[in-house]
Structures are given as structure tokens and as C-alpha cells.
Amino acid sequence: MRLIIISSIVSISYSSLCYATDLFENPIVQVEEKFQEALSLMEQNRPLRALDLLTDIASISDSVRINLETGKAFLHSGEVLQAIKTYNNVLENYLLPTIVRSNIKSVITHAEDRKFKPYINIDGGIDGNPYRIPKKQEVILFAGLPMTYDPGEKTGSQGYLTTTIGSRGDHSRLFNYDFYVQNTSYESSKDLSLNKYGLKVSSLWGDDTTHIRTTVGANLVNKYEQVDGIEYDAGVSITPDVFVTSPTTISGSYLTYQSDDSQTDYNLSTLSISKRYQFDNANFVTPSIYADFYEPLRSTGAYKSVRAAIEYPFMLQNMNLTTNVSFEDRRYRNRDFMFGTCRSDQTSVVSVTIPINDFYFTIGYEQLESSIRFYDYSRYTVKTGASIH
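Engineer: Summarise the nonpolar core; cite the residues concerned and give the values.
Structural biologist: The tendency in soluble globular proteins is for nonpolar side chains to be buried side by side. Formed by 27 residues in total, the largest nonpolar core has its most connected members in Phe35, Leu54, Ile57, Leu96, Ile104 and Ile108. Only helix H1 (2–43), helix H2 (47–58), helix H3 (64–77), helix H4 (80–93) and helix H5 (98–114) provide two or more residues apiece to this core. With residues up to four places along the chain from it excluded, the contact list for Ile57 reads Val31, Lys34, Phe35 and Ile66. Ranked by size, the runner-up nonpolar core spans 9 residues in total, among them Tyr131, Ile133, Tyr149 and Phe339.

Put into C-alpha cells, the structure is as follows:
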């Protein structure tokens, strides 16, 4: 009888233990499945979706590995401050091997560097026609009056140098900044030389698949021999699906310039669409179409234009070259004040850029053909530059 009772107790205890184990195994299995899915999403460059899963897991199981992967997901999604906070929390609340603590501190240091990234850009070269003006010629005005046009000192090529000193910072998806001071100096044209003091703030919206980036900015423009001013700009670009083979980006921007004397104020609106066609890991081509709407507030130079452009990187003699080609058709709204007819221009531009580490070298050519032949011009540019980060 005693054996039967003991046997029954052991049987009941075993059954109860199995039942209790089943209760606790399901959450553990859930955690492991979600964790593996989160790791897979990170490999697919989908950190926001991975963050959702890791947040769910953290409510069930709080472990070092889960917190470290959460910090990594924050970092990859652009939430730099949240990543730093998560990594510091791991250092403060867990006993870790020395090598692990050292690796985490290294990651935190690199994340801190993203908050303040100083840079210097220097580029300069020769501009064959910096004023984009026609050559010396005899013309007949709309009233039949002859005129000799001579651009004088403004004709011919000039050397120039542009220096930009600034800092970029990534803090979160909603706050990233670029502050800079820029000086452009021409060899003998003080009226083209200027200083710019600028600030741009950008935000990234949407999810892992759809990227929506907004920017707002302002530039204080200090001109050497002309009236100073300030320009404000805002823009938005939308990429509906960044994971498709050929992603499409739709953009729009608005810029307004206000001069101190209000004589050269203008507004410029731009719409564009571009599509990147990837052939393989190294080769792609990006065609784009732009529509510009230029409205000067106190002059008759208003126009609308459509511009088609294409960017094509390629290899030549083990060098990475990038070719840019564009064609613009511009139509002016008002009659030309000298010739009495409405003007339209067609501008073709081609350039080739050779990047070498942080340096680059660019050769370009631009040609404008106008319905009023007086305005025809051509222009070449040779430019080189470097970036220091």
C-alpha cells in the first residue's frame, strides 16, 4: 500500500513538473524565435522592425545580449543618442568581461564622434566663363538700332578657390545638422567673391522600406562688392521602396533669397524625380528629370525650365570615373527688354570626375544656345579638390 502511495506521489510530482516546464518553455521559445528574427532583420538592413521585436523581447527577458543588439539597432536606425544611452546602461548594470567592456566603450566612442564631425573641403580651378556671358559682337536691337557689345574685363577665364569649414552631427532620425562657413574667391572678380554662413537641419521619417527626408536651412550671404542677403530653403525627398532593384526618389525644394535692398530678391521652386538602375555591385546609372520655376520679385527674368540629367560611374584603367550629362530647356515668361521677343535657351553640360581617395579632379564643358543668338555662350571648367574629415 505504501509503495502504491509513494508511486502515486512520484507520478503526480513528475506530471506537475512537466506541466510547469511546458508553461515556462513557451515564453523562452518565443524569446529565442523573436531574437533570431531580429538578428535576421538587422542583416537585411531593417533596424526599425528589429527594434520593435527587441523591445518586445526586453519586456520578457532582460539580458546583456538583448540590450547590446538593441543598442546596435538604435545606432543603425540613426538614433545615435538612444544607442549611447543603451550601451551606457549595459556598462553600469552588468558584470562584463574586460574585453567586452572595452568593445562596448569603443562603440560608444565612435557613436559620440557622430554627434560632432568637423570637416574641411577645399576646391578650386579655372572657370572659362565665370559670368556666363556672350562674346564681343555687333547686334541690332529691336528698334533697329545697332550696338557693339563688349563684355570687357568680364570676359576670359579666371582662377577661383572655395574653402568650406564646418561640422556635421547625427543625433537622431529627427535631428541631424550641418553648420558651415564658406569662402569663394575669384582671381580678379570681387563681385563674384563671397562668404556664406550656413546651417541645415535634416530629419528622416518613414520606416525601413519608405524613406522620407526633410531639410530646412538658411545661408547668410556676404558679398564683397554687391548687396548682402540671406537665403532660406526647405526640401523633401521620398523614396517609396529602398529595397527594390531600381529605387525611385521624388524630391521637391523651395528657396527664397532676400537681399538687403530688396532689388535682387527671388524665389526658386524645384521638382525632380530620379531612378537608380543597378547593373551589378559596382555599376549603375541614375537618370533624373528636374523642373525649375524661377520668380525674381523686381525684374523680368522669370522662367520655367525642364532639365534631364544622367549620372554614370564606370571603370577605366583601374580608375573610378563618373560622367554627368545634362540638357536643359528654359523658357522665359516676358519679352526680352533689348530685343522685344520672348527668349528660350537650351543648355548642354557634360563633366567627368576622377576621385582619388579624398581628392577629386573634374573637367566640364557647358554650352548655351538661345533663340536670341546674342545670348549664346560656351564655358569650360577644370576643378580639383580635397576633403579632410
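Engineer: Can you break down the pattern of salt bridges residue by residue, with the values?
Structural biologist: Under the definition given, this model contains 18 salt bridges. Between Lys34 and Asp56 there is a salt bridge, with the nearest N and O atoms lying 3.9 Å from each other. With Lys34 in helix H1 and Asp56 in helix H2, this pair connects stretches of sequence that are 22 residues apart. When the shortest N-O distance is used, the salt bridge between Glu328 and Arg330 registers 3.4 Å. Through salt bridges with shared partners, a single network forms among Asp127, Arg132, Glu366 and Arg379.

Engineer: Could you give an account of the packing of H2 against H3, with specific residues and numbers?
Structural biologist: Running from N to C, H2 and H3 point in directions that differ by 155 degrees, and their axes come no closer than 9 Å. What the angle tells us is that H2 and H3 run roughly antiparallel. Handedness of the crossing formed by H2 with H3: left-handed. For the pair H2 and H3, the contacting residues are Pro47, Leu48, Leu51, Leu54, Ile57 and Ala58 in the first and Ile66, Glu69, Thr70, Ala73, Phe74, His76 and Ser77 in the second. Here the residues of the contact of H2 with H3 sort into 9 nonpolar, 3 polar and 1 charged.

Engineer: Please give an account of the environment of Thr322 that cites residues and values.
Structural biologist: Its place among the elements puts Thr322 in strand S14 (residues 319–335). Of the residues examined, Thr322 reaches a relative accessible area of 19% and is grouped as buried. With 148 residues separating them in the primary sequence, Thr322 and Leu174 have C-alpha atoms 32 Å apart. Those residues within four positions of Thr322 in sequence are excluded, and the remaining contacts are Glu311, Tyr312, Pro313, Ser351, Val352 and Thr353.

Engineer: Quick one: what's the story with the pairing of strand S12 (residues 284–296), residue by residue and with numbers?
Structural biologist: Pairing of strand S10 (residues 266–275) with S12 involves 9 bridges; the strand directions are antiparallel. Directly across from Ser274, in S12, lies its bridge partner Ser288. Of the strand pairs in this sheet, strand S11 (residues 277–278) and S12 are connected by 2 bridges, and their pairing is antiparallel. Across the sheet, Gln278 pairs through a bridge with Phe284, a residue of S12.

Engineer: Go over H3, please, and point to the residues and values.
Structural biologist: Counted at 1.5 Å a residue, the expected span for H3 with its 14 residues is 20 Å, and the 20 Å between its end C-alpha atoms agrees. If you check which residues of H3 are buried, you get Ile66, Asn67, Glu69, Thr70, Gly71, Ala73, Phe74, Leu75 and Ser77. The positive-phi residue at the C-terminal boundary of H3 is Gly78, with phi of around 100 degrees.

Engineer: Report on the side chain of Ser370, specifying residues and quantitative values.
Structural biologist: Within the secondary structure, Ser370 is located in strand S16 (residues 359–370). Its relative accessible area of 1% is what places Ser370 among the buried residues. Here Asp345 takes part through its side chain, which lies 2.7 Å from a polar atom of the side chain of Ser370. A polar contact of 3.1 Å, which involves the side chain of Ser370, links it to the backbone nitrogen of Ile372. Here Ser370 is in contact with Arg343, Ser344, Asp345, Tyr375 and Asp376, once residues within four sequence places are set aside.

Engineer: Report on the packing of aromatic side chains, specifying residues and quantitative values.
Structural biologist: To describe a pair of aromatic rings, you give the distance between the ring centres and the angle between the ring planes. With the rule as written, the count across this model stands at 10 aromatic pairs. Here the aromatic rings of Tyr303 and Tyr332 are separated by 5.6 Å at their centres, their planes lie at 65 degrees, and the arrangement is edge-to-face. With Tyr303 in strand S13 (residues 303–316) and Tyr332 in strand S14, the pair connects residues that are 29 residues apart, well separated along the chain. Here Tyr303 matches Tyr332 in class, with each residue buried. Between the aromatic rings of Phe339 and Tyr375, the centroid separation amounts to 6.2 Å while the plane-to-plane angle is 75 degrees, which identifies the pairing as edge-to-face. Of this pair, Phe339 sits in the loop between S14 and strand S15 (342–356) while Tyr375 sits in the loop between S16 and strand S17 (377–388), placing them 36 residues apart in sequence. Residue classification places Phe339 among the buried positions, given a relative accessible area of 15%. On the basis of relative accessibility, which here comes to 13%, the residue Tyr375 falls in the buried class. Sitting over the ring of Tyr119, Arg168 keeps its end group 3.9 Å from the ring centre. For the cation-ring pair, Arg276 lies above Phe284, with the distance from its terminal atom to the ring centre recorded as 3.5 Å.

Engineer: Requested: an account of the side chain of Asp265, with residues and values cited.
Structural biologist: Considering the arrangement of structural elements, one finds Asp265 in the loop between strand S9 (248–259) and S10. No salt bridge is formed by the buried Asp265; the nearest opposite charge belongs to Arg298, separated by 5.6 Å. Sequence-distant contacts of Asp265, that is, excluding residues within four places in its chain, are made with Tyr257, Gln258, Ser259, Pro296 and Leu297.

Engineer: Describe unusual backbone geometry, naming the residues involved and giving the relevant values.
Structural biologist: The residue Asn45 is not glycine, and still its phi comes out positive at about 60 degrees. Structurally, Asn45 can be placed in the loop between H1 and H2. Of note, Asn357 is a non-glycine position whose phi angle comes to about 55 degrees, a positive value. In this fold, Asn357 is placed in the loop between S15 and S16. When its relative accessible area of 77% is taken as the criterion, Asn357 is described as exposed.

Basis of the calculations
- Residues numbered from 1 in each chain as written.
- Predicted model: local features only at pLDDT ≥ 70, side-chain atom pairs only at ≥ 80, totals over all residues.
- Heavy atoms only, no water.
- Core = buried A, V, L, I, M, F, W, Y, C linked by side-chain atoms within 4.5 Å.
- Buried < 20%, exposed > 50% of the residue type's maximum accessible area, 1.4 Å probe, protein only.
- Helix = DSSP H or I, 4+ residues; strand = E, 2+ residues; numbered from the N terminus.
- Contact = heavy atoms within 4.5 Å.
- Salt bridge = Lys/Arg side-chain N within 4 Å of Asp/Glu carboxyl O.
- Axes fitted to C-alpha atoms, helices over the stretch in contact; angles between N-to-C directions.
- Parallel < 35°, antiparallel > 145°, perpendicular 65-115°, else oblique.
- Left-handed = near helix turned anticlockwise from the far one by under 90°.
- Nonpolar A, V, L, I, M, F, W, Y, C, P; charged D, E, K, R; others polar.
- Pairing = 2+ DSSP bridges.
- Expected span 1.5 Å × (residues − 1).
- Polar contact = N/O pair within 3.5 Å; in protein donor to acceptor, adjacent residues only side chain to side chain.
- Phe/Tyr/Trp six-rings, centres within 6.5 Å; stacked < 30°, edge-to-face > 60°.
- Lys NZ or Arg CZ within 6 Å of the ring centre and 35° of its normal.
- Lys, Arg positive; Asp, Glu negative; His and termini not counted.

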